[in-house]
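Chain and residue survey
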Amino acid sequence: MSDKYAVIGNPIAHSKSPLIHHAFAKESDQSIAYTAELIPLDGIEAGLDTLQQKGFKGLNVTVPFKEQVWQSLTDKSERATLAGAVNTIVFNDDGSRYGDNTDGVGLCLDLTQNHGIDLANKRILLLGAGGAARGVIQPLLAFQPAQLTIANRTLSKAQTLAALFNHLGPIRASGFEQLTDNFDLIINATSASLQGDVPPIPSATISSQTFCYDMMYSSTDTAFIQWAKKHQAAKTSDGLGMLVEQAAESFRLWRGSKPNTQTVIDLLRQ
Ligand code: ATR
């Protein structure tokens, strides 16, 4: 029988994870069963117990459970501990559970390998200071950028994150309107695109060399991507590649080998 995996969330019906993981398995000639499981909003602990009892080998975790799972798991990777969120669970054969977070490495792999960006010595602007932003800070700093600026609508949240990660590299906090310099890379980790909004940052943050990346993905340009194009950003991308790369890293944790991602990114773009 095929090993069983699932993505858990609420809502979950539109998740692309089953498609992605089945494509990884097919591409690497493996057989897995991967489903999307709707978990009641107040039922994460019972949900984890049930799926583990049913013999699932691992789970992906999505909105709104990443922080709750982080709190409930004692055995976690360092990157998950720093991220404050778990997006991947391994159910070990001895019944124990292990939590990891592959979102940050997924973003960095998409930027460096798929888009060919060298992050070292770059001036990076990260928009947002919620869970999505927090999860990518340590992986970005590991590439030794010249500066990582966290800008957020609520300045105090950006300041809290900057203080939390200060020991790992050059990081500073800012409000949106106070930004004056341009950046090599601007990453939108706010949820503003969900409402069709763009964080109100000055257009001077974009030069003709700037790459603008939205961690959201969409079949049409997000509001942030539209804004970036309007201000002549050198290049733009949505977060589809990040989605596939974080999934590939989860797959590697469970299956021991990293699948080919480009074919799956191309498949999803069709
Ligand atoms: P996620 O897990 O997606 O990061 P979150 O923790 O609720 O979700 O954080 C949402 C982020 O998007 C926050 O940085 C939020 O800014 P505030 O901290 O000021 O609330 C930001 N955000 C949401 N809607 C926004 C909007 N319309 N304009 C600018 N920032 C927005």
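This section reports on the structure supplied with the text. (Residues numbered from 1 in each chain as written. Predicted model: local features only at pLDDT ≥ 70, side-chain atom pairs only at ≥ 80, totals over all residues. Heavy atoms only, no water.)

If you walk across this open sheet you meet the 6 strands as E8-E7-E6-E9-E10-E11, and the pairing is parallel. The open sheet has two free edges, formed respectively by strand E8 (171–174) and strand E11 (235–237), since each of these has just one partner strand. Recorded for the sheet is a direction-independent mean angle of 15 degrees between the axes of neighbouring strands. Note that strand E10 (residues 211–214) and E11 share 3 bridges and pair parallel. Bridge pairing in E11 places Phe 211 opposite Lys 235. (Pairing = 2+ DSSP bridges. Helix = DSSP H or I, 4+ residues; strand = E, 2+ residues; numbered from the N terminus. Axes fitted to C-alpha atoms, helices over the stretch in contact; angles between N-to-C directions.)

Taken together, the neighbourhood of the ligand is formed by 15 residues, with Ala 132, Asn 152, Arg 153, Thr 154 and Lys 157 sitting nearest. Take Asn 152: an N or O atom from its side chain is 2.7 Å from an oxygen atom of the ligand. Look at the ligand: alone it shows 640 Å² of surface, and the protein chains cover 73% of it. A per-class count over the shell around the ligand returns 4 nonpolar, 8 polar and 3 charged. (Near = heavy atom within 4 Å. Polar contact = N/O pair within 3.5 Å; in protein donor to acceptor, adjacent residues only side chain to side chain. Areas by Shrake-Rupley, 256 points an atom, 1.4 Å probe, with all protein chains shown as cover. Nonpolar A, V, L, I, M, F, W, Y, C, P; charged D, E, K, R; others polar.)

Read across the open sheet, the 5 strands follow the order E2-E1-E3-E4-E5; overall the sheet is mixed. Each edge of the open sheet is held by one strand with a lone partner, namely strand E2 (32–38) and strand E5 (97–100). Direction aside, neighbouring strands of the sheet carry axes that sit 20 degrees apart on average. Pairing of strand E1 (residues 3–9) with E2 involves 7 bridges; the strand directions are parallel. Counted as the bridge partner of Tyr 5 is Tyr 34 from E2. Sheet strands in contact with helix H9 (residues 240–255) are E1, E2, strand E3 (58–61), strand E4 (88–91) and E5, and its direction is about 10 degrees off that of E4. (Contact = heavy atoms within 4.5 Å.)

Turning next to the packing of aromatic side chains. Throughout the structure, instances matching the rule amount to 5 aromatic pairs. Ring geometry for Tyr 5 against Trp 254: centres 4.7 Å apart, planes inclined by 25 degrees, an arrangement best described as stacked. A residue pair is termed long-range when its members are at least 10 positions apart, and Tyr 5 in strand E1 and Trp 254 in helix H9 qualify at 249 residues. Like Trp 254, Tyr 5 is buried. Residues Phe 224 and Trp 227 carry aromatic rings whose centres are separated by 6.0 Å and whose planes lie at 20 degrees to one another, so their mutual orientation is stacked. Here Phe 224 pairs with Trp 227, and both are found in helix H8 (residues 223–230), just 3 residues apart, close to one helical turn. By relative accessible area, Trp 227 is classed as buried at 13%. Connected via pairs of aromatic rings, a cluster forms that spans Tyr 5, Tyr 34 and Trp 254. Directly above the ring of Trp 70 sits Lys 76, whose terminal nitrogen or CZ lies 4.6 Å from the centroid. In this arrangement the basic side chain of Lys 235 is found over the ring face of Phe 211, its NZ or CZ atom lying 5.3 Å from the centre. (Phe/Tyr/Trp six-rings, centres within 6.5 Å; stacked < 30°, edge-to-face > 60°. Buried < 20%, exposed > 50% of the residue type's maximum accessible area, 1.4 Å probe, protein only. Lys NZ or Arg CZ within 6 Å of the ring centre and 35° of its normal.)

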